Amino acid sequence: MNTLKKTALIGLALSSLASAVAQADQTVLIGLAGPLTGPSARIGKDLENGAQLAIDQANAKHPKINGEAVTFKLVSEDDQSDPRTAVTVAQRLVDEGVVGVVGHWNTGTSIPAARVYHDAGIAQVAPVATGHAYTQQGFDTSFRIMGHDDDGGQVAGDYALKTLKAQRIAVIDDRTAFGQGLADQFVKSIEAGGAKVVSREYVDDKTIDFSAVLTNIRSQNPDLIFFGGVDAQAAPLARRIKQLGIKAPLMGAGGFVSQTFLQLAQNEGEGVIALEPGLAIAQMPGGKAFEQAYKERYKTNIELHAPFAYDGVGVLVAAIEKADSVDPQKYLPVLRAISYEGVTGTIAFDGEGNLKKPSFTVYQVKANQWQPVSVAGGQ
Amino acid sequence: MDGFIQQLLNGLMTGSLYALVALGYTMVYGILRIINFAHGDVLMIGALVGLSVIRLVQAAWPALPPVLVLLCATLVAMAVCAVLAVVIERVAYRRLRHAPRLAPLISGIGVSLLLQTIAMLVWTRNPQMFPQLLSLAPIEVLAGASAHPAITNVTALTTIAIALSVMVALLVLVERTRFGRAMRAVAENPQVASLMGISPNRIIVITFAIGGALAALAGIMMASNYGSAHFYMGFLPGIKAFTAAVLGGIGNLKGAMLGGLLLGLIEALGTGYLGAATNGVFGSNYQDVFAFIVLIAVLVFRPSGLLGERLATRA
C-alpha cells in the first residue's frame, strides 16, 4: 500500500513536472541509454543515431498533443554497458524528466535499470536486450522489441522440423542460464512437433573437449545436433563433429553468428546453421528506406542495431500521440495494447512486455562467411 | 564396442594431458609439500607463448614445414615456462618455505590471478585461433568393423605418444640418475640432504623448471587438439590435474601418471556409459560428479591416494 502510494505520488509529481516542461517550451524529452564510450561505443552511437532519426522524423510532422504543438527531444546518457552505471544514468534520465526511455543495450544493463524506470512510472523500451529475465521482473513498464532467447529455442525447433525436416535430434547445452533455457525450449518445441530427442547431453561453459559426448551422439545417428551455447565453444564443437565423421549439421540459436566463430572453426564450420533475433536490414519491411535515410543523415553505414532504436522511439511517440498525452499513466495502457508498423516489423507486446511473434534470421556458414538464408518466426 | 574403443581413445588423450600437468603438481608437492596453484596458468602461458612463436615463425619463414614450426614453438614455450616457473618459485614460494602452509597457497592463487590478467592484457580476452599444424584428419581404428569405427588423428596420437615417452623419461631421470637421487633425498629430508653436499635450492629450482616445461608442453598439445587458446584455459586442466595427482597419491610420480590416465578414462567412460547404465537418470551432466565420487571412494579406502606412501613418518 505504502509503496503503491509512493509510486503513484512520484508518478503524479513526475507527470505534472513533465507537463510543466511541455507547457514551458513545448518540449517532450525522450531518453536514450546505451554504451556511448568504452569498447561498445560504436554500438551505442549507432543506437543514438537511429533514435535521433526517429525524433527528427516525428518533429517534421509538427506533432500536436492535447491541442498544443510540441517538439520531441532526445536526451542521451552513457551507461558504458555497465550495470551499476546503468542504474545511475537511469536515475539521471528520470530526474531530467524524460517521459519514456529507449535502452539499455544489453540484458545486463536493462535489468537493473528497469526498476528505476518502474519506480518512476515511465516506459522503458529495450531495443535489443534478449535475456528473457528482463521482462520477467513483473514490471508493467518494461518492453522489448526484439525476440527473447526462449523464443529463439521455440522458433529454432520449428525451423528444425519444418525446414530442415529433422526427426532424430541430439541436444547439447552448456548448463548456463542462457544455454540451458534455450535447449529446454528447443526440446519442448521439437517434441511438440513429433520429432525425437535421441540424445540429450551436457557440457559446461568451460568444456573444450567434446569427444566423449559426441561419441555418444554419434552412436545414435542423429540428423541434427543442436547446441545451446555460444561461439567460443560452438567452434571447437563444430570441428570435433567433422573430425568424428558425424554428418549431422550443427545448429544454434543465439550467440553463434560472429567472427570469433569463423576464426576458431578454421574452415570446419561450413554448413553450421544459427538463428539470431531480428531481421537483416534488407528483409525488414522498412529496411531500405531506413538505410537510405540513415546514410543521408550521418554519411556512414548502419553499425548494427540502429533500426531497433529507431522503432523504439517510434513506438513510444506513436503511443504518446495516440493517447494524446505525455502522462505515462495515460500513454502506458496505449503502449501495452499498441500495434505499430515499424521498420523492423509489426510491434505489439504480450502480457510481459515482450515483442509478439518475433522474427528471427537464419544464418548458415557458406564459404567461411555467415550468410542469411531465410527468415523464421514472425506471423 | 566401437563406441567403447572411441571412448578409450578419448580418455587416453585427455588423461595423458592431465598426467603431464599432474606431474608438475606432484613433483613440487613431493619436495616442498606445497600445492603450486599457479601451475595451471603456467600451462596457459605456455600455449599462448607457443601461439605467438608460431605466428612469428610463420610470418618470417612461410615455407617452413608445419612440424618444424610446431617443434620450434614448443621448445620456446617450454623454455619460457621453465623460467617462469623458476621465477614463481623465487618470488612467491621461497620466502614462504617455512611459513604456515596456508601462506604459499594464497600466494600461489595470487600468482595465478596475476598471470591470467597479464595474459588477458597481452593476448586479449578473446579466444585465439591456434593453427592446425599437425593433421586432424580422421584415422579409422579397426576400419570396417562397424558403421562407426573408432576415429583418431595424428594430433591425438602424437599427444599420447609424447606424453607417455616424457613420463618414462622423467621416471628414468628420477630413479636412475644422480640428479634423481638428489631429488629424492631432498624430498625425504632437505636438512640431511644438504649435509650430504646437495644444494636443496638448486634441486628445487630444477624441479620447478621441469614442471613448468611439462606444463608448457601440455598447453601446446591441448591448444593443438582443440584449436584455440585463451587466458582462462589453464583453470580446468589445473583443477583436473590436481585431482589426478591426489587420486594417484600426491608426491608420487607414478601416482600422478596413473591418476591422470585414470581420471581421463573415468570421465570419458562415465560420459559414455553412465546414461545408458542408469537408463538416462544420470547422463553426461554427472560426468564431473562421477569423477569426484571415484576420487572420494579412493580416498576413503586409501587416504594417501592409489600409489601414495604414508606421510606420517616425515619429520
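Thresholds, definitions, all that
Residues numbered from 1 in each chain as written. Chains lettered and ligands numbered in written order. Predicted model: local features only at pLDDT ≥ 70, side-chain atom pairs only at ≥ 80, totals over all residues. Helix = DSSP H or I, 4+ residues; strand = E, 2+ residues; numbered from the N terminus. Buried ≥ 20, exposed ≤ 12 C-beta atoms within 10 Å, placed from the backbone. Contact = placed C-beta atoms within 7 Å. Rg over C-alpha atoms; globule rule 2.2 N^0.38 Å. Domains from an automatic or database assignment. Nonpolar A, V, L, I, M, F, W, Y, C, P; charged D, E, K, R; others polar. Core = buried A, V, L, I, M, F, W, Y, C linked by C-beta atoms within 7 Å. Pairing = 2+ DSSP bridges. Axes fitted to C-alpha atoms, helices over the stretch in contact; angles between N-to-C directions. pLDDT = per-residue confidence, 0-100. Expected span 1.5 Å × (residues − 1). Parallel < 35°, antiparallel > 145°, perpendicular 65-115°, else oblique.

**What to know about the overall build of chain A**
- The number of helices and strands found in chain A is 12 helices and 16 strands.
- Taking the principal axes of the C-alpha coordinates as reference, chain A spans close to 70 × 50 × 35 Å.
- For chain A, buried positions account for 55% of its 379 residues.
- Looking at chain A alone, contacts between residues at least 24 apart form 68% of all its contacts between residues at least 6 apart.

**What about the overall build of chain B?**
- In terms of regular secondary structure, chain B is built from 11 helices and four strands.
- For 315 residues, the compact-globule estimate of 2.2 N^0.38 gives 20 Å, and chain B sits close to it at 20 Å.
- When the backbone C-alpha atoms are referred to their principal axes, chain B occupies close to 65 × 55 × 35 Å.
- A sequence separation of at least 24 residues applies to 74% of the contacts in chain B between residues at least 6 apart.

**Points about the domain arrangement of chain A**
Residue and element names in this part refer to chain A.
- In terms of domains, chain A is made up of domain 1 (2–147 + 282–348) and domain 2 (150–277 + 360–377).
- If you average the C-alpha positions of domain 1 and of domain 2, the two centres end up 34 Å apart.
- Each partner contributes to the interface: domain 1 provides five residues, whereas domain 2 provides nine residues.
- Grouping the constituent residues of the side of domain 1 that touches domain 2 by class yields one nonpolar, four polar and no charged.

**A short note on the nonpolar core**
- Counting residues in hydrophobic clusters, the biggest one holds 148 residues, and the most contacted among them are Ile225 of chain A together with Ala19, Ala22, Ala47, Ala77, Cys81 and Ala218 of chain B.
- The dominant element in this core, judged by the number of residues it contributes, is helix α1 (residues 2–32) of chain B, at 16 residues.
- Other than its neighbours up to four places away in sequence, Ala47 of chain B contacts Gly219, Ile220, Met222, Ala223, Ala229 and Met233 of chain B.
- One finds Ala33, Leu53, Ala54 and Val343 of chain A within the second-largest nonpolar core, a separate group that totals 63 residues.

**Some points on the sheet that holds strand β6 (residues 123–126) of chain A**
All names here are of chain A.
- The five strands are arranged β4-β1-β5-β6-β7 in an open sheet whose pairing can be described as parallel. Where the open sheet ends on each side, the last strands, each with one partner, are β4 (71–78) and β7 (142–144). On average, adjacent strands in this sheet sit at an angle of 25 degrees to one another, irrespective of strand direction.
- Relative to β4, strand β1 (residues 27–34) runs parallel, the two being bridged by eight bridges. Paired with Gly34 across the strands is Asp78, a residue of β4.

**Overview of the confidence of the model for chain A**
Residues and elements named next belong to chain A.
- When pLDDT is averaged along chain A, the result is 88; 93% of the residues meet or exceed 70.
- Mean pLDDT per element in chain A: helix α1 (residues 2–25) is the minimum at 54, and strand β5 (residues 100–102) is the maximum at 96.
- For the stretch residues 20–24, pLDDT sits under 50, and the model shows six contacts to residues farther than four places along the chain or on other chains.

**Digging into unusual backbone geometry**
All names here are of chain A.
- Put simply, Gly103 and His104 share a cis peptide bond, and its omega is -5 degrees.
- With respect to the helices and strands, the residue His104 is situated in the loop between β5 and α4 (107–120).
- Unlike most non-glycine residues, Asn66 shows phi in positive territory, near 55 degrees.
- Assessed through the 13 C-beta atoms surrounding it within 10 Å, Asn66 is described here as partly exposed.

**Observations regarding the pairing of strand β16 (residues 369–377) of chain A**
Residues and elements named next belong to chain A.
- Pairing between strand β15 (residues 359–366) and β16: eight bridges, direction antiparallel. Bridge assignment links Phe360 to a residue of β16, and that residue is Ala376.
- Linking two consecutive strands that pair antiparallel, namely β15 and β16, is a turn of two residues; a positive phi of about 50 degrees is found at Ala367 within it.

**What about the interface of chain A and chain B?**
- Contacts between chain A and chain B engage 23 residues on the former and 26 residues on the latter.
- Elements represented by at least two residues in the side of chain A that touches chain B include exactly β9 (196–202), α7 (211–219), α8 (231–243) and α9 (259–265) of chain A.
- Here the side of chain A that touches chain B is built from residues that sort into eight nonpolar, nine polar and six charged.

**Looking at helix α6 (residues 177–192) of chain A**
All names here are of chain A.
- Taking 1.5 Å as the rise per residue, α6 with 16 residues should run 22 Å; its terminal C-alpha atoms sit 22 Å apart, in good agreement.
- Where the residues of α6 are buried, they touch α5 (149–162), β8 (168–173), β9, β10 (224–228) and β11 (250–253).
- One or two steps after α6, the chain reaches Gly194, where phi turns positive at roughly 95 degrees.

**Things to note about the environment of Ile203 of chain B**
Residues and elements named next belong to chain B.
- Along the chain, Ile203 turns up in helix α8 (residues 200–226).
- Judged by local crowding, Ile203 falls into the buried class, with 21 C-beta atoms found within 10 Å.
- Between the alpha carbons of Ile203 and Ala187 there is a distance of 9.6 Å; along the sequence they are 16 residues apart.
- Sequence-distant contacts of Ile203, defined by excluding residues within four places in its chain, comprise Ile31, Ala182, Met183, Val186 and Ile198.

**Quick look at α7 of chain A**
- The element α7 of chain A is extensively covered by neighbouring structure, given that eight of its nine residues are classed as buried.
- Among the residues of α7 of chain A, Ser211, Ala212, Val213, Leu214, Thr215, Asn216, Ile217 and Arg218 of chain A are the ones counted as buried.

**Structural notes on the pairing of β1 of chain A**
Residue and element names in this part refer to chain A.
- Counted residue by residue, β1 has six buried out of eight residues, so it is predominantly covered.
- As judged from the three bridges shared by β1 and β5, these two strands associate in the parallel manner. Looking across to β5, one finds that Leu32 is bridged to Val102.

**Quick look at the packing of helix α6 (residues 178–188) of chain B against α8 of chain B**
Residues and elements named next belong to chain B.
- Remark: α6 packs on α8, axes separated minimally by 10 Å, with the N-to-C direction vectors making an angle of 110 degrees. Between α6 and α8, the crossing angle belongs to the class labelled roughly perpendicular. Where α6 approaches α8, its residues Ala182, Met183 and Val186 are matched on the opposing element by Pro200, Ile203 and Thr207.
- For the contact of α6 with α8, the class distribution of residues is five nonpolar, one polar and no charged.

**Observations regarding the environment of Val313 of chain A**
Residue and element names in this part refer to chain A.
- Position of Val313 relative to the elements: it lies in helix α11 (residues 306–323).
- Between the alpha carbons of Val313 and Gly103 there is a distance of 9.9 Å; along the sequence they are 210 residues apart.
- For Val313, the contacting residues outside a window of four places in its chain are Ile30, Ala51, Ala54, Ile55 and Val102.

**Quick notes on the confidence of the model for chain B**
Residue and element names in this part refer to chain B.
- The pLDDT averaged across chain B works out to 89; a share of 95% of its residues lies at or above 70.
- Confidence drops under a pLDDT of 50 for residues 311–315, and excluding neighbours within four residues, the segment shows two contacts in the predicted structure.
- Here the complex is predicted with pTM 0.81, and the ipTM for its interfaces comes to 0.84.

**Looking at the sheet that holds β9 of chain A**
All names here are of chain A.
- If you walk across this open sheet you meet the seven strands as β9-β8-β10-β11-β12-β15-β16, and the pairing is mixed. If you trace the sheet from one side to the other, it starts and ends with β9 and β16, each paired once. Strand-to-strand twist of the sheet, defined as the mean angle between neighbouring strand axes without regard to direction, takes the value 25 degrees.

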